[in-house]
Amino acid sequence: GRPFVEQFLHPDFNEILSRLLVLSFFMIFGSHVGYTIRQRQKADEALAGSEEKHRITIENIEDGYYETDRNGRFILSNDSFRRILGYSTNQLHELDYQRMLTPAETQKVVGAFEKVHQTGRAIKDLAFIVVRKDGARRWVETSVSPIVDLHGKPDGFRGILRDVTRRRQADALKQEKMAAE
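Residues numbered from 1 in each chain as written. Predicted model: local features only at pLDDT ≥ 70, side-chain atom pairs only at ≥ 80, totals over all residues. Heavy atoms only, no water.

**Overview of the overall build of the protein**
To keep things clear, this is the line we draw: Starting at the N terminus, helices and strands are each numbered in turn, a helix being any DSSP run of H or I of at least four residues and a strand any DSSP run of E of at least two. The globule rule is 2.2 Å times the number of residues to the power 0.38, and the radius of gyration it is compared with is taken over C-alpha atoms. Note on classification: 1.4 Å probe, protein chains only; a residue is buried when its accessible area is under 20% of the maximum for its type, exposed when over 50%, partly exposed between these limits.
The helix and strand inventory of the protein stands at six helices and five strands. From first element to last, N terminus to C terminus, the protein shows the α and β order α-α-β-β-α-α-α-β-β-β-α. A globule of 181 residues ought to have a C-alpha radius of gyration of about 16 Å, yet the protein, at 31 Å, is considerably larger. If one aligns the C-alpha atoms of the protein with their principal axes, the spans along those axes are about 115 × 30 × 30 Å. Expressed as a percentage of the 181 residues in the protein, the buried residues total 28%.

**With respect to the nonpolar core**
For the record, the criterion: Nonpolar cores are built from buried Ala, Val, Leu, Ile, Met, Phe, Trp, Tyr and Cys residues. Side-chain atoms within 4.5 Å join them into one set. What makes two residues a contact is simply this: any of their non-hydrogen atoms within 4.5 Å.
The biggest cluster of nonpolar side chains holds 24 residues, and the ones touching the most others in it are L85, F128 and L161. Listed by contribution, the elements that provide at least two residues to this core are α3 (79–85), α5 (103–119), β3 (123–131), β4 (137–148) and β5 (154–163). Ranked by residues supplied to this core, first place goes to α5 with five residues. Setting aside chain neighbours within four positions, we find L161 in contact with D63, G64, Y66, F81, I84, L85, F128, V140, E141 and T142.

Here's what the structure looks like:
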């Protein structure tokens, strides 16, 4: 029944308590929100640092690193992988991986990827010949692991690829030498 200005400037005791209660709720809630935001920022910074660390590691390893979608299209690769195969990033994204394989190797590699897809288990030391962009043939060894989505279903593949051509050539030369002796 009193005018607003009079109520605002001269509140009664119940109004003071209700205002203090509301103010306390805002302070507590605001404090919790601030704390939650700071914790989230710290977690985001830690995640960004971890991602950067792993990106730098992958980019600087000697072996090639790759990731493909479930259809075998390259979605990620490091410089070493591109150097081994002789393709640029854009060319790899457009490339059908079977183009890098001889017909004899295609069945072997496709079968290995299908096995990883079906079992969900990684394969280590899969050896085969790749045909580089320039036509040169190189012996490689790779590991293949499944990439799974949030529901645990296969969504692609990842692996490490190593060029072992020199080792294979040295082994062949050694065997020829032993046969000649």
